[in-house]
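So you can see what is in the structure, the chains are spelled out below.
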Amino acid sequence: MPPSVNRMSGCNGGFVHFIVALPAEAKPLVSHYRLKRRPGDDAFAIFEKEGISLTVSGIGKAATANAIGYTQVLYGKRRNSVWLNIGVAGHHAAPLGSAWIGHKITDAETGRRWYPGICFRTHCPSAEIRTVAQPETEYALDCLYDMEASAFAESACRFSTGELVHCIKVISDNRESVIWDIDPSRVSAYVEGAIGIILHTKQALRHLAAELTPLPEVDTAPWTARWHFTAQQRLQLEKLLRRWRVSSGDRVLPDPPNLERSRQVLAWLDGLIAALPVHLPPAP
Amino acid sequence: MIDTIYVEQSVRGHPRVRQILGRFPAARVIGCERYGEVFNPKAQNFRLQKHRPALILAEKFKNFVLPAPAGYGIGAMRNYYFSHLLNCLYDCRYCFLQGMYQSANYLLFVNYEDFHDEIRRLAAESPGEQTHFFSGYDCDSLALEPVSRFAESFLSLFRDLPDAWIELRTKSTQIRTLLAMQPVPNVVVAFSFTPEATAAAVEDKTPAPAKRLAAARRLQDRGWSVGLRFDPVIFQTDWQTQYRALFEQVFSQLEVARLHSVSLGAFRLPEAFFRRMSSLYPEERLFAGPLDSQQGMVSYRRELEQALLDFCRTEILKYVPGEKFFPCRT
Ligand code: SF4
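Below you will find a few notes about this structure.

Criteria and thresholds
- Residues numbered from 1 in each chain as written.
- Chains lettered and ligands numbered in written order.
- Predicted model: local features only at pLDDT ≥ 70, side-chain atom pairs only at ≥ 80, totals over all residues.
- Heavy atoms only, no water.
- Helix = DSSP H or I, 4+ residues; strand = E, 2+ residues; numbered from the N terminus.
- Rg over C-alpha atoms; globule rule 2.2 N^0.38 Å.
- Buried < 20%, exposed > 50% of the residue type's maximum accessible area, 1.4 Å probe, protein only.
- Contact = heavy atoms within 4.5 Å.
- Areas by Shrake-Rupley, 256 points an atom, 1.4 Å probe, with all protein chains shown as cover.
- Buried area = accessible area lost by both parts, 1.4 Å probe.
- Salt bridge = Lys/Arg side-chain N within 4 Å of Asp/Glu carboxyl O.
- Polar contact = N/O pair within 3.5 Å; in protein donor to acceptor, adjacent residues only side chain to side chain.
- Nonpolar A, V, L, I, M, F, W, Y, C, P; charged D, E, K, R; others polar.
- Pairing = 2+ DSSP bridges.
- Axes fitted to C-alpha atoms, helices over the stretch in contact; angles between N-to-C directions.
- Phe/Tyr/Trp six-rings, centres within 6.5 Å; stacked < 30°, edge-to-face > 60°.
- Lys NZ or Arg CZ within 6 Å of the ring centre and 35° of its normal.

**A closer look at the overall build of chain A**
Okay, so step 1: Regarding its fold elements, chain A presents 8 helices and 10 strands.
Okay, so step 2: Its C-alpha radius of gyration of 24 Å places chain A more than 25% over the 19 Å reference for a compact globule of 284 residues.
Okay, so step 3: Taken along the three principal axes of its C-alpha coordinates, chain A extends 80 × 45 × 35 Å.
Okay, so step 4: Here chain A holds 284 residues, and 56% of them are scored as buried.
Okay, so step 5: Relative to all contacts within chain A whose residues are 6 or more apart in sequence, the contacts with residues 24 or more apart total 72%.
Okay, so step 6: Of the roughly 13,300 Å² that chain A leaves accessible, carbon and sulfur atoms contribute 53%.

Dropping the structure here:
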């Protein structure tokens with residue numbers, strides 16, 4: 001388990017977690033976003049700033065799954081954060097340095113498949129990603145080959161909705177330029193070259209995530225301090241306060257009159273809401 | 001409009017699939033084994049998918065046509081519905097599809113001929129007796145017509161089955177297919193209406209009621225049977241004025257004597273659907289309204305619902321004879 005829970009608040013529009021396998025993939029992102037290494041004793045190298053984290057998982061499915069679980073707990077088990085897996089991949093013919101977003105992810109070992117929902121206008125082409133256990137040199141199928149995406153999709157979709165979980169892969173090897181020739185500086189250069197696409201994707205996803213930001217909790221404390229509510233009545237109170245907020249356009253509630261019983265308070269609130277005019281605003 | 005199309009392996013070569021793919025040369029086309037692996041996973045969000053719904057082209061294997069729920073009908077004893085398409089181009093905030101499905105992607109079953117066979121079989125079960133088939137249960141019947149060519153395919157079937165009637169339920173103005181053919185007497189094109197202000201608030205992406213009305217009028221002029229569906233009736237503070245104006249507008253522009261049927265429906269949703277919908281749209285005023293939950297269904301509070309339906313019934317019956325009016329559906 002992570003040693004401490006950092007509750008850095010997400011910017012409006014959701015927290016973004018980057019997961020990369022290699023330090024060389026992390027480097028351009030760390031530098032672009034000016035992320036700071038988390039001090040202390042983490043199980044993974046983690047960089048962060050307000051609203052963004054970047055975890056260097058190490059290579060392979062198990063490492064990726066562990067890194068996502070660790071990150072999720074570390075950042076306070078948020079729901080519906082943006083999760084982005086950035087890394088390099090191989091393809092039989094795609095040009096080196098070209099960036100792709102995964103529209104289908106297949107685990108070559110198990111045959112399991114994921115279909116990340118792309119609900120925004122992309123700035124790069126999309127492709128199937130096949131996650132393999134060993135580096136691929138044959139490139140037999142018309143898809144990208146990597147070693148993490150399936151574990152990333154499986155794990156991140158436990159914590160967020162699939163539309164906010166995406167993989168962006170930059171081509172580092174193909175039949176013309178074999179995987180064994182790659183060195184860390186070239187990996188960094190490939191990811192660096194895709195920064196514009198990564199930035200656009202992150203922004204688009206953050207925008208989508210903003211729609212899922214829950215309304216703030218209603219504050220029942222002043223009410224429960226003044227009256228005794230049963231557990232059932234507390235739920236009714238919360239529901240009524242939420243209804244008031246939405247129906248009134250978040251107006252301040254008038255001061256409650258001198259009522260003795262919680263039942264009367266609930267009835268008073270209900271009456272207040274019923275008296276509000278109901279105008280459904282035009283759709284945005 | 002559609003930039004992602006999933007295609008089930010088994011229908012890759014289907015002529016309807018080829019024709020649809022031909023319409024979207026720039027779309028990303030993604031193969032899948034069965035539609036369920038795209039449509040059913042839990043980690044999906046209907047609201048986000050509504051931004052850019054994908055199209056899924058699939059094959060249906062069973063349950064092509066099902067008995068309509070009790071109380072659902074416009075005059076026949078035998079009522080069935082079928083869903084060649086799940087989900088809708090439009091985005092009505094009260095639509096139960098948001099509560100029913102994980103995904104907002106359009107799922108189109110391309111093996112229309114299997115639906116045809118089942119409709120033919122059911123119609124043949126009781127010759128001489130009317131059987132009604134409802135097509136707009138899980139979708140809008142016409143909104144996706146340029147892509148699906150559903151009406152084009154199904155209406156010729158009904159032309160040969162005089163005892164079988166089909167209702168096309170729509171808010172769309174996609175009537176080109178219908179205008180291009182001779183009217184089929186046993187087809188009812190049923191347009192749904194809410195007052196202009198309500199439509200603007202809770203029927204996102206739909207053509208404005210005035211445009212629907214113009215489409216209904218054109219069809220009627222060409223000899224098609226038109227129906228009207230005031231379903232669901234939605235409450236706003238000045239609802240009487242709004243509904244009175246709507247009825248006046250609709251009945252003054254259509255030829256009432258040639259209307260097939262007029263129906264009225266309450267706003268009702270299974271509680272589980274309502275919960276899911278209101279958590280998708282916690283800021284939605286419609287869901288914060290004067291609603292009540294009774295026996296697993298959410299609807300307007302009883303007295304209000306009664307008032308809404310009574311008022312609308314009385315107003316409608318000022319224009320329409322009782323035998324054409326079907327007051328309520330479950
Ligand atoms: S037109 Fe009908 S099916 Fe489409 S969103 Fe509206 S209510 Fe739902």
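Having seen the structure, we can now continue with the description.
**Structural notes on the interface of chain A and chain B**
Okay, so step 1: In this assembly, 33 residues from chain A lie in contact with 34 residues from chain B.
Okay, so step 2: Counting each side, the surface lost to burial between chain A and chain B is near 3,000 Å², with a carbon and sulfur contribution of 54%.
Okay, so step 3: Scanning the region where chain A abuts chain B turns up 3 salt bridges.
Okay, so step 4: Across the salt bridge formed by Glu211(A) and Arg47(B), the nearest N and O atoms sit 2.8 Å from each other.
Okay, so step 5: Where chain A touches chain B, the interface holds 20 residue pairs in polar contact (both at pLDDT 80 or more).
Okay, so step 6: Elements with a minimum of two residues in the side of chain A that touches chain B: β6 (99-107) and α7 (231-248) of chain A.
Okay, so step 7: For the side of chain A that touches chain B, the element with the highest residue contribution is α7(A), accounting for 3 residues.
Okay, so step 8: Here the side of chain A that touches chain B is built from residues that sort into 17 nonpolar, 9 polar and 7 charged.

**Thoughts on the pattern of salt bridges**
Okay, so step 1: Tallied over the full model, the rule gives 32 salt bridges over all chains.
Okay, so step 2: Residue Asp146(A) pairs with Lys169(A) through a salt bridge whose shortest N-O separation is 2.9 Å. A residue pair is termed long-range when its members are at least 10 positions apart, and Asp146(A) in strand β9 (residues 144-146) and Lys169(A) in strand β10 (residues 165-173) qualify at 23 residues. The two residues Asp146(A) and Lys169(A) agree in class, both being buried.
Okay, so step 3: Across the pair Glu125(B) and Arg121(B) runs a salt bridge, and its minimum N-O distance is 3.1 Å. Taken as a pair, Glu125(B) and Arg121(B) lie in helix α5 (residues 112-125) at a separation of 4 residues, close to a single helical turn.
Okay, so step 4: On the basis of relative accessibility, which here comes to 46%, the residue Glu125(B) falls in the partly exposed class.
Okay, so step 5: Overall, the relative accessible area of 42% leaves Arg121(B) in the partly exposed class.
Okay, so step 6: Look at the salt bridges and you will find they share partners, linking Arg78(B), Glu118(B), Arg121(B) and Glu125(B) into a network.

**Looking at the sheet that holds strand β4 (residues 65-67) of chain B**
Residue and element names in this part refer to chain B.
Okay, so step 1: With mixed pairing, 8 strands are arranged side by side in an open sheet as β4-β5-β9-β10-β11-β13-β14-β18. Strand pairing shows two members of the sheet lacking a second neighbour, β4 and β18 (325-326), which therefore form its edges.
Okay, so step 2: Pairing of strand β10 (residues 164-170) with strand β11 (residues 187-192) involves 5 bridges; the strand directions are parallel. Residue pairing in the sheet places Glu167 in a bridge with Val188 of β11.
Okay, so step 3: Sheet contacts for helix α10 (residues 209-221): β11, β13 (225-230) and β14 (259-264); angle to β11, the most-contacted strand, approximately 160 degrees.
Okay, so step 4: Strand contacts of helix α11 (residues 239-253): β13 and β14, with the helix running at about 180 degrees to β13, the strand carrying the most contacts.

**With respect to the packing of aromatic side chains**
Okay, so step 1: Enumeration over the complete set of coordinates arrives at 34 aromatic pairs over all chains.
Okay, so step 2: Judged by centre distance (5.2 Å) and plane angle (75 degrees), the ring pair of Phe64(B) and Phe115(B) falls under edge-to-face. Of the two residues, Phe64(B) is situated in the loop between β3 (55-58) and β4 and Phe115(B) in helix α5; the sequence distance between them amounts to 51 residues. The pair formed by Phe64(B) and Phe115(B) is uniform in burial state, with each residue classed as buried.
Okay, so step 3: Look at Trp239(B) and Phe311(B): their rings are 5.2 Å apart centre to centre, the planes differ by 80 degrees, and that puts the pair in the edge-to-face class. With Trp239(B) in helix α11 and Phe311(B) in helix α13 (residues 302-317), this pair connects stretches of sequence that are 72 residues apart.
Okay, so step 4: Its end group placed over the ring of Phe47(A), Arg37(A) keeps NZ or CZ at 5.7 Å from the ring centre.
Okay, so step 5: Above the ring of Phe109(B), the side-chain terminus of Lys60(B) is found at 5.0 Å from the ring centroid.

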